[in-house]
Amino acid sequence: MGLHSDTITIRGGRPLTGRIELKGAKNLVTKAMVASLLGETPSILKDVPDISDVRVVRGLLEVHGVKISDGEEEGELHLDPSAVETAHMADIDAHAGSSRIPILFCGPLLHRLGEAFIPDLGGCRIGDRPIDFHLDVLRTFGAVVEKLPSGIRMSAPGGLKGAKIELPYPSVGATEQVLLTAVRAAGITELRGSAIEPEIMDLINILQKMGAVISVDTDRVIRIEGVPELKGYDHRALFDRNEAASWAAAALATEGDIFVGGARQSEMLTFLNVYRKVGGGFDIHEDGIRFFHPGKPLNPVIIETDVHPGFMTDWQQPLVVALTKAEGVSIVHETVYENRFGFVDALVEMGATIQIHRECLGGQACRFGQRNFNHSAVISGPSKLHGADIVVPDLRGGFSHLIAALSAEGTSRVSNVGIISRGYEKFLSKLETLGADFTLEG
Ligand code: EPU
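None of the values given here were measured: they were computed from a predicted structure.

Basis of the calculations
- Residues numbered from 1 in each chain as written.
- Predicted model: local features only at pLDDT ≥ 70, side-chain atom pairs only at ≥ 80, totals over all residues.
- Heavy atoms only, no water.
- Pairing = 2+ DSSP bridges.
- Helix = DSSP H or I, 4+ residues; strand = E, 2+ residues; numbered from the N terminus.
- Axes fitted to C-alpha atoms, helices over the stretch in contact; angles between N-to-C directions.
- Buried < 20%, exposed > 50% of the residue type's maximum accessible area, 1.4 Å probe, protein only.
- Near = heavy atom within 4 Å.
- Polar contact = N/O pair within 3.5 Å; in protein donor to acceptor, adjacent residues only side chain to side chain.
- Areas by Shrake-Rupley, 256 points an atom, 1.4 Å probe, with all protein chains shown as cover.
- Domains from an automatic or database assignment.
- Contact = heavy atoms within 4.5 Å.
- Buried area = accessible area lost by both parts, 1.4 Å probe.
- Salt bridge = Lys/Arg side-chain N within 4 Å of Asp/Glu carboxyl O.

Novice: Please clarify how the sheet that holds strand E18 (residues 328-333) should be interpreted in this entry.
Specialist: Pairing between the strands of a sheet comes from backbone hydrogen bonds, and it takes one of two forms, parallel or antiparallel. An order of E17-E18-E20-E19 is seen for the four strands of this open sheet, with the pairing classed as mixed. Unpaired on one side and paired on the other, strand E17 (302-304) and strand E19 (353-357) mark the two borders of the sheet. For this sheet, the mean inter-axis angle between neighbouring strands, taken without regard to orientation, is 15 degrees. In the sheet, E17 pairs with E18 via three bridges, with the strands oriented parallel. When the sheet's bridge partners are listed, Ile 303 is paired in E18 with Val 332.

Printed below as a string of structure tokens:
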């Protein structure tokens, strides 16, 4: 992961200022790499970030026989799937680590090889994160799913066939599962209740380049006409809007001014509206967005996370740090994951006033109401944060801890920061560029 030590000491209280550049979105790039398995010819993917989730998928593709090499440009990958083969469960297990990506290999591998294995799946500790939608979808296409002590084995004795599918919730991963399976299944697939995040639209762009026939109707309906063969693609990945939102929140929390190169307005409309209501300043340029603290008090807001086009769940954690500085009471109702407020304990230790409630606050009742999930946060500000010793719990929570430490008075020791490199490319050198005062331990 490029870090010699997993602990950094941060001397807070300095505004982050300067310019950083984004690469492609973690949540698109990893799926685009999997899509290369479906092609008969090599694919080229550009703007691939150097993050550990990409390295995990690269390792997994390689154990399945995909030859991967770096292209001329920084962040360009060439993926050649002409020798795809079944991998051993032990190799898959060794490479998968805590990633949930292996589940998305199933459809492509069933098409290519007639079978697929997946180990126990991990990911961030932000709720149960089950894979029931994925398994149901694959069964509907005709896959036979066998649970073994070492993981799950799948086969497709009669081939995969297009189907009518309705998701119980617009899950990003399950929508991708349908897309990656339906493009080469026999006949037509109609998916209702699909997720329509920009990363999914970009995956559809890639699949269309490969030869797929996919239409996106209104009301979350996607139709896919299966084709017998696909070719490789050449694609520049959509920018990482979660990283953009994270740096935007960092600019607010540290009273700084950050130009996020590569960020675009249209995929961030909802975020920008909230940012403006909080009192954050932004200027939209052709090559990026400048985010800055306006120099006057910030306003409290009431937000509810939701699937696109709502306010993304991944934007919530960094923004909460900025909301500890707003004058008044803010409410964040998390409706996508049942357990995504674990990170606030550290903020409270640093001097923030945040209470977590089981009830659905500030919005409509969601699937987690009345179910004992602590999924609403009440943040009372403004608070002056002070340094503390913090252990990073997960990717987005971890980034928000970094921001909190950078905005706090005094020194913080933040450990387990390696998790952050799962999704934030070269975050330490970006922090350096922005003038942060920190040292790596060891
Ligand atoms: N869900 C189920 N069953 C399933 C699948 C999902 O109940 O089989 C539930 C989840 O537990 C969750 C909800 O459905 O409560 C939404 O999950 P979704 O499937 O949409 O999430 P995901 O595909 O696992 C991706 C991103 C997440 C992002 C979410 C929501 C990737 C690799 N991950 O996860 O990103 O928060 O969509 O937009 O694309 C992150 O980047 O830090 C991250 C967690």
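Picking up after the structure, the text goes on.
Novice: Would you take a moment to explain the pairing of strand E16 (residues 288-292) for this structure?
Specialist: Working note: regular strand, side chains alternate between the two faces of the sheet. Among the five residues that make up E16, four are buried, leaving the element largely enclosed by the rest of the structure. Here strand E14 (residues 257-261) pairs with E16 via five bridges, running antiparallel. Looking across to E16, one finds that Ile 258 is bridged to Phe 291. Bridge count for strand E15 (residues 281-285) against E16 is five bridges, and the pairing is antiparallel. Following the sheet pairing, Asp 283 is matched in E16 by Arg 290. What sits between the antiparallel neighbours E15 and E16 is a turn of two residues.

Novice: Help me out: how do you make sense of the site of the ligand in this one?
Specialist: Close to the ligand lie 24 residues; Lys 31, Asp 132, Ser 171, Val 172 and Val 336 are nearest. A distance of 3.3 Å is found between an oxygen atom of the ligand and a side-chain nitrogen or oxygen belonging to Arg 367. If the ligand stood free it would expose 830 Å²; the protein chains cover 91% of that surface. Going through the elements one at a time, helix H1 (26-35), helix H5 (132-141), helix H6 (172-182), helix H10 (313-323) and helix H12 (395-407) are the ones with two or more residues in the shell around the ligand.

Novice: Could you clarify how one ought to interpret H6 in this entry?
Specialist: Three- or four-residue spacings in an α-helix give side chains the same orientation, since the helix completes a turn every 3.6 residues. Most of H6 is tucked away, with ten of its eleven residues classed as buried. For H6, every residue scored as buried is listed here: Gly 173, Ala 174, Thr 175, Glu 176, Gln 177, Val 178, Leu 179, Leu 180, Thr 181 and Ala 182. In this structure Ser 171 caps H6, since a side-chain oxygen of it lies 3.4 Å from the backbone nitrogen of Gly 173.

Novice: Please clarify how the domain arrangement of the protein should be interpreted in this entry.
Specialist: A common measure of how large an interface is: the accessible area buried when the components associate. Annotation of the protein at the domain level lists domain 1 (7-22 + 239-440) and domain 2 (26-236). Each of domain 1 and domain 2 was reduced to a C-alpha centroid, and the two centroids are 30 Å apart. Contact residues are listed per partner, giving 25 residues for domain 1 and 23 residues for domain 2. Buried surface at the junction of domain 1 and domain 2, both sides included, amounts to about 2,100 Å², of which 47% is carbon and sulfur. The interface formed by domain 1 and domain 2 holds three salt bridges in total. The shortest N-O distance in the salt bridge between Arg 422 and Asp 53 comes to 2.9 Å. Run the count over domain 1 and domain 2 and you get nine residue pairs in polar contact (both at pLDDT 80 or more). Put simply, the parts of the chain that give the side of domain 1 that touches domain 2 at least two residues each are helix H8 (241-253) and H12.

Novice: Looking at this model, I keep getting lost on the sheet that holds strand E23 (residues 437-440). Mind explaining?
Specialist: With mixed pairing, the four strands of this open sheet are ordered in space as E21-E22-E1-E23. Edge positions in the sheet fall to strand E21 (389-391) and E23, since each has one partner strand and no second. Averaged over all adjacent pairs, the angle separating strand axes in this sheet is 20 degrees, with direction ignored. Relative to the sheet, H12 contacts strand E1 (7-11), E21 and strand E22 (411-415), its axis offset from that of E1 by approximately 35 degrees.

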